[in-house]
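Structural features, examined
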Amino acid sequence: MDTAIALEALVTLPRGLILTLALTFASLATGFVVSIPLAFLRASSNPWFFAPVLAYTYAFRGTPLLVQLFLIYYGIGQLPLVRQSFLWPVMREPFWCAFIAFTLNSAAHTTEVLRGGIQAVPRGQVEAAKALGLSPFHTARLIVFPLTIRIALPAYVNEVIGMLKASSLASTITLLEITGLARQLVSETFAPYEVFIVAGALYLLFTLLITQAFQILELHWARASNSPSPVRSI
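Computed from a prediction, not measured in an experiment: that's the story for all the values here.

Calculation rules
- Residues numbered from 1 in each chain as written.
- Predicted model: local features only at pLDDT ≥ 70, side-chain atom pairs only at ≥ 80, totals over all residues.
- Heavy atoms only, no water.
- Helix = DSSP H or I, 4+ residues; strand = E, 2+ residues; numbered from the N terminus.
- Rg over C-alpha atoms; globule rule 2.2 N^0.38 Å.
- Phe/Tyr/Trp six-rings, centres within 6.5 Å; stacked < 30°, edge-to-face > 60°.
- Buried < 20%, exposed > 50% of the residue type's maximum accessible area, 1.4 Å probe, protein only.
- Salt bridge = Lys/Arg side-chain N within 4 Å of Asp/Glu carboxyl O.

**As for the overall build of the protein chain**
- In terms of helices and strands, the protein chain carries 11 helices and 0 strands.
- Of the regular secondary structure in the protein chain, the N- to C-terminal order runs α-α-α-α-α-α-α-α-α-α-α.
- The C-alpha radius of gyration of the protein chain comes to 22 Å, more than 25% above the 17 Å expected for a compact globule of 234 residues.
- Seen along its three principal axes, the alpha-carbon backbone of the protein chain occupies a region of about 75 × 50 × 25 Å.

**So, the environment of Ala128**
- When you line up the elements, Ala128 lands in helix 8 (residues 123-131).
- Each C-alpha atom, one on Ala128 and one on Leu28, is 33 Å from the other, the two residues being 100 residues apart in sequence.

**Examining the packing of aromatic side chains**
- The full count for this structure, using the stated rule, is 7 aromatic pairs.
- Measuring from centroid to centroid gives 6.5 Å for Tyr156 and Phe214, while their planes differ by 75 degrees, and the two rings are edge-to-face. Of the two residues, Tyr156 is situated in helix 9 (residues 136-166) and Phe214 in helix 11 (residues 192-226); the sequence distance between them amounts to 58 residues. Summarising the burial analysis for this pair, Tyr156 and Phe214 share the class buried.
- Aromatic ring contacts, followed pair by pair, group Phe32, Tyr156 and Phe214 into a single cluster.

**Regarding the pattern of salt bridges**
- As enumerated under the stated definition, the model contains 3 salt bridges in all.
- As a salt-bridge pair, Arg115 and Glu112 come within 2.7 Å of each other at their nearest N and O atoms. Of this pair, Arg115 and Glu112 both sit in helix 7 (residues 94-120), 3 residues apart, which is roughly one turn of that helix.
- For Glu112, a relative accessible area of 9% translates into the label buried.
- Glu127 is paired through a salt bridge with Arg123; the nearest N and O atoms lie 3.3 Å apart. With Glu127 and Arg123 both in helix 8, this residue pair falls 4 residues apart, about one helical turn.
- The network of salt bridges with common partners includes Arg42, Glu112 and Arg115.

Below is the structure:
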């Protein structure tokens, strides 16, 4: 192993961290917002509500993210209708194509994660909210959604980590995030072993940080739920 090349990679590859983290967390945040209403529709018993969402999640969860990225970047951008519309300034940029592909994919996976959480909420909680006179909207916002987040959090961690690793696919459409810089450095040094070990170590480091952050959050919620309620002295 060439130590000099490994040190060069250790200096060069962190320059792609900003792009990697921007793509990852922007896609996750947007996908999460989109998935909230979709998850409630997916959990509905009305086929007019859940069937279109099921088709969307099935399509995006059942096909490779790389294929989705290529279809958006190389496919949609070739349509004359898109090239002549207001969408072209966005669709011609690889960053926004990657962002759209990652967001749609993340939203599909997160929808199913939240759907499982919604359906796991104890029915008694919902019935109690109805007995108190809460509207369906307020029941969903104040009762169902907070419980769903706690239930679905362990599964959502996997989605966050998966999206971090999937961000490496952005290098296939010329974006110089961590993997893109690694491929560029390999083409210059012809030393894939040293370069990709450093790249893998960076992804592993951020995976550990994300896992630790979610573990702290789960522990905080567990302590909050187990803490005794304050009793007012008389």
